[in-house]
Every structure is written in C-alpha cells, then in structure tokens.
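So you can see what is in the structure, the chains are spelled out below.
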Amino acid sequence: MGLSQRIDAWRDRLLGVERRSIDKTAVWGRGEDGSDPVHAGVEVTQTTALQYIAVYACVRLLSEVIAGLPADQFRRRDDFAQEVTPQPRWLQMPNAETTWFEFVERVIGCLNLDGNAFLLITGRDPLGFPSELWTLQPSEVKVRRSDRGELFFLWGADEQPLSRFGPANPMGDVLHIKAFNSGGLRGLSPIGLA
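Attention in this report is confined to the structure presented alongside it.

Rules used in this analysis
Residues numbered from 1 in each chain as written. Predicted model: local features only at pLDDT ≥ 70, side-chain atom pairs only at ≥ 80, totals over all residues. Heavy atoms only, no water. Salt bridge = Lys/Arg side-chain N within 4 Å of Asp/Glu carboxyl O. Helix = DSSP H or I, 4+ residues; strand = E, 2+ residues; numbered from the N terminus. Buried < 20%, exposed > 50% of the residue type's maximum accessible area, 1.4 Å probe, protein only. Core = buried A, V, L, I, M, F, W, Y, C linked by side-chain atoms within 4.5 Å. Contact = heavy atoms within 4.5 Å. 1 Å grid on protein atoms, 1.4 Å probe; cavity = no way out; pocket = protein on both sides within 12 Å on 5 of 7 lines; lining within 4 Å. Points joined across faces, edges and corners; volume = space filled by probe spheres on them. Nonpolar A, V, L, I, M, F, W, Y, C, P; charged D, E, K, R; others polar.

Description of the pattern of salt bridges
Counted under the stated rule, the structure contains three salt bridges. Here Arg 186 ties to Asp 114 by a salt bridge, and the two come within 2.8 Å at their closest N and O atoms. Of this pair, Arg 186 sits in the loop between strand 8 (173-178) and helix 7 (190-193) while Asp 114 sits in the loop between helix 6 (100-113) and strand 3 (116-124), placing them 72 residues apart in sequence. Neither residue differs from the other here; Arg 186 and Asp 114 are each classed as buried.

Laid out in structure tokens, this is it:
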C-alpha cells in the first residue's frame, strides 16, 4: 500500500467514511429488463428519487424547457423542407385531456427518470397517421420478445397486451422511445446509472 493510499485510509477512518462499490442495477432497485428486483439496502425508484430537490429541479427544468420549444412538422422535398399543412391534431393537443406542453413535459420526464417513454396510439386519421396519443407509466409496461422475435408490451397490473403498431389490438399501438440503449429491450435510466 502506497503512501497516498495509507493517507486516504487514515482520513476515511477518522471521518467515518465507508468505501465500497455498488452495482448500478442494485442502486436502481430492479434488473435491467425492469422485472427482477435486486437489493442494495436502499431501494431507489422514480418516486424516491424525485423526493430529492436536486433531482426534481433537474427533471422539471429539462422537461419544461424542451416542452416550451416550438413544434412544427416538415416534409423533406428534394433539398428543402416544406411545412406540413394542416398540422396534425396531436401536435396541438395529443388527447382530450392533455395539452402539447404537458404531453412533452411528461415524455421528457419519463425519459429522464426511467430511460423509457411509452406512447399509446389510440386514434388514427384517414391516412393512418396518429391522431390521439397517451403516455403510459413506464414502470407499468413490460417489454417482451415473442418466440418469433417480435416485440410486444404488457401493460398494467393485469398485464394487458399491447401491440407494436399492429391493428389487431383494440387498446391501440405503442411507440417505445428509449433514452439510451445498451442493446436490451428497455432504455437505461439516467437515475439508475448515476
């Protein structure tokens, strides 16, 4: 043990500091796929993380700033962008209960806390484009892969199956946005990685 290591060990003993490494999945309180619980002494969830004013302030700031940006839809024509008119209904009001600002704020909040945002598409216009979008609580959505390799989603306590852009599901289709992906079925949580 070198001199600097001995000084660090002495300082730690004097100040009562305990040094140990903790696995990142243990801190978040669940496995990488969101299903298997792990234990590190303290369970950290979205709710418990938001109780810290620094986490709440950062998530709120990011969400509100991005939600306040103007949103327009453009179509690429050759080398220039042409504005789509009329603008899609969901770009102004994604559903009957949510404004565009609230919707984007919720999506960015989900990405910052969980690393995933799940949008349920419950309505489509005559051309097949989404006309109604709802955000789902990421902790209530499980992502699975079928035997044929297709992704599907289970939602809520009764694990209602949701499709990935399939017309057969009466509940609607799901758009899954990942904040960062390491190759798994779910995005990685910034809170869990910190």
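Let us keep going from here.
Examining the nonpolar core
Core analysis: the biggest nonpolar cluster contains 14 residues, and Trp 100, Phe 103, Val 104 and Val 107 have the highest contact counts within it. Broken down by element, the residue count for this core peaks at seven residues, all from helix 6. What Trp 100 contacts, discounting residues up to four positions off in sequence, is Ala 71, Trp 90, Leu 91, Gln 92 and Pro 94. With seven residues, the next largest nonpolar core counts Leu 120, Val 143, Phe 153 and Val 174 among its residues.

Describing the layout of surface pockets
As a volume, the second largest pocket reaches approximately 220 Å³. The wall of the second largest pocket is formed by Gln 73, Arg 75, Val 84, Pro 86, Gln 87, Pro 88, Arg 89, Trp 90, Asp 125, Phe 129, Pro 130 and Ser 131. Secondary-structure elements contributing two or more residues to the lining of the second largest pocket are helix 5 (89-92) and strand 4 (130-136). Taken together, the residues of the lining of the second largest pocket sort by class into six nonpolar, three polar and three charged.

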